Amino acid sequence: MLTTTPGSVIPDHPDFLWRNPDPKSSYDVVIVGGGGHGLATAYYLASRYGITNIAVLEKGWLGGGNMARNTTIIRSNYLWDESSGIYEHSLKLWEGLEEDLGYPLLFSQRGVLNLAHSLQDVRDSKRRVNANRLNGVDAEWVDAEGVKELCPIVNISPDVRYPVLGATYQPRAGIAKHDYVAWGYARAASELGVDLIQNCEVTGLTIEHGRVVGVETSRGRINAGKVALAAAGHSSVVAALAGIKLPLQSHPLQALVSELLEPVHPTVVMSNAVHVYVSQAHKGELVMGAGVDTYNGYGQRGAFHIIERQMSAAIELFPVFARAHLLRTWGGIVDVTPDASPIVGVTDIQGLYLNCGWGTGGFKGTPGVGDTFAWTIAHDEPHPLIEAFSLDRFSTGALVDEHGAAAVAH
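A brief structural summary. (Residues numbered from 1 in each chain as written. Predicted model: local features only at pLDDT ≥ 70, side-chain atom pairs only at ≥ 80, totals over all residues. Heavy atoms only, no water.)

Let us look at the overall build of the chain. From N to C terminus, the chain includes 10 helices and 18 strands. Relative to the globule expectation of 22 Å for 410 residues, the C-alpha radius of gyration of the chain, 21 Å, shows essentially globular dimensions. Here the C-alpha coordinates of the chain stretch approximately 65 × 50 × 40 Å along the principal axes. Counting across all 410 residues of the chain, residues that qualify as buried make up 58%. Carbon and sulfur atoms make up 52% of the accessible area of the chain, which amounts to about 16300 Å² in all. Considering the chain, the positive charge centre built from 30 side chains and the negative charge centre built from 42 side chains are found 3 Å apart. (Helix = DSSP H or I, 4+ residues; strand = E, 2+ residues; numbered from the N terminus. Rg over C-alpha atoms; globule rule 2.2 N^0.38 Å. Buried < 20%, exposed > 50% of the residue type's maximum accessible area, 1.4 Å probe, protein only. Areas by Shrake-Rupley, 256 points an atom, 1.4 Å probe, with all protein chains shown as cover. Lys, Arg positive; Asp, Glu negative; His and termini not counted. Charge placed at Lys NZ, Arg CZ, Asp CG, Glu CD.)

Here you go:
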């Protein structure tokens, strides 16, 4: 765990240092949420637009929320034009992010396979491959033998409960180390003059004459020219402080890692039908995630029967994992919209901006949404890549329905 004293140092990274000052009385921009999106937004505001009088407020420690509880997968092979646009923009930023931040992120483009287990899966998957290609996203369809060639440990026997009929494959996709991403953005933003304030919970938003003018926190009042909300998992709670009711449901999202193993899994495999995705981290542990639990809740643990059922199906796909020992499990909290797409942009309250509802797509979108959200704050209007994700789509009906189409277990 990160220490939270001024000038805190991460024990395993003695060269990593960020300022952890007491909050000032006033900032040009206050960002609520010190996870990947909040830190990335602060960095791009400072590096691209010269706005450095920024405070990132985090009620716990930086990167300790959903950023620390994800399965690290990065890809851009979404179906709809709007989704593929923002995720492909993000993937292109990922490809140069280590050099940009001057920090190792263990970004590994090992490819992602999305398995198809039924004829309907096959039709939907091929449709998505064609849509990806039209949008300039690298994607291809491989049959069961092609899956076996890319990932020899997958069981493609026709006798299993979920037989593998083929898969979509995105070669440029992969994984990165989530905590390194948070620390890299934090260090880079801090060096540009951004205040990163931990143990600082936002308890209220001050609005005067239709404009946000400050935030109330557990460490006192802070005046603000603009306020950006990026508190994944609790977005509806924070937005309610401004009287905004969001169309979000919060669900636990479970994952686990195994003991350290020798390299056995060369890529990332995802299955919407089985509701599981599997990769192998750089140190050797298997990283296995499940779909969202169906009930609403804020508990950072999920129902045992759900992950047990999903892992039993995963063992059929990966028999070699049957004797692997569990190291630890955890649960994050994801905000999911009715159309499974995020809400990003301006609000009816002047100077208040929203970034929420990413569901299972938040980590992979980190650089892209940080960049476009910073543009939105600096220009006080939505960036073209996120314009379709505005809150008013739920009243106009212009939904971006990625349920299932994204080949993830929403």
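Now that the structure is up, let's keep going.
If you walk across this open sheet you meet the eight strands as β5-β6-β4-β13-β14-β15-β12-β16, and the pairing is mixed. Every interior strand has two partners, whereas the edge strands, β5 (140–143) and β16 (326–336), have only one. Averaged over all pairs of adjacent strands, the angle between strand axes in this sheet comes to 20 degrees, irrespective of strand direction. In this sheet, strand β13 (residues 268–271) lies alongside strand β4 (residues 112–116) in parallel orientation, the contact comprising four bridges. Of the residues in β13, the one forming a bridge with L115 is S271. Those strands touched by helix α8 (residues 304–317) are β4, β12 (249–260), β13, β14 (276–280) and β15 (285–292), and its axis lies near 125 degrees from that of β15. (Pairing = 2+ DSSP bridges. Axes fitted to C-alpha atoms, helices over the stretch in contact; angles between N-to-C directions. Contact = heavy atoms within 4.5 Å.)

Summed over the entire model, instances satisfying the criterion amount to nine salt bridges. For E88, the salt bridge is made with R172, and the minimal N-O distance between the two is 3.1 Å. Note that E88 is positioned in helix α2 (residues 81–94) and R172 in the loop between β6 (166–170) and β7 (174–175), a separation of 84 residues in sequence. In this structure, the salt-bridge partner of K177 is D179, at a minimum N-O distance of 3.0 Å. Owing to a relative accessible area of 23%, K177 belongs among the partly exposed residues under this scheme. Salt bridges sharing common partners tie together E88, E95, D138 and R172. (Salt bridge = Lys/Arg side-chain N within 4 Å of Asp/Glu carboxyl O.)

Turning our attention to the nonpolar core. One broad rule of soluble globular proteins: the nonpolar side chains tend to lie buried together. Ranked by internal contacts, the top residues of the largest apolar core, which has 48 residues, are W94 and Y185. The element that contributes the greatest number of residues to this core is helix α6 (residues 178–191), accounting for eight residues. Ignoring anything within four residues of it in the chain, the contact list for W94 reads I74, F107, A176, V181, F363, K364, T366 and P367. (Core = buried A, V, L, I, M, F, W, Y, C linked by side-chain atoms within 4.5 Å.)

Quick look at the packing of aromatic side chains now. Two measures describe an aromatic ring pair: the distance that separates the ring centres and the angle between the ring planes. One pass over the structure, following the stated rule, counts 10 aromatic pairs. Taken together, a centroid distance of 4.1 Å and an interplanar angle of 10 degrees make the contact between Y78 and Y87 stacked. Through successive ring pairs, a cluster of aromatic residues spans Y43, Y44 and Y185. (Phe/Tyr/Trp six-rings, centres within 6.5 Å; stacked < 30°, edge-to-face > 60°.)

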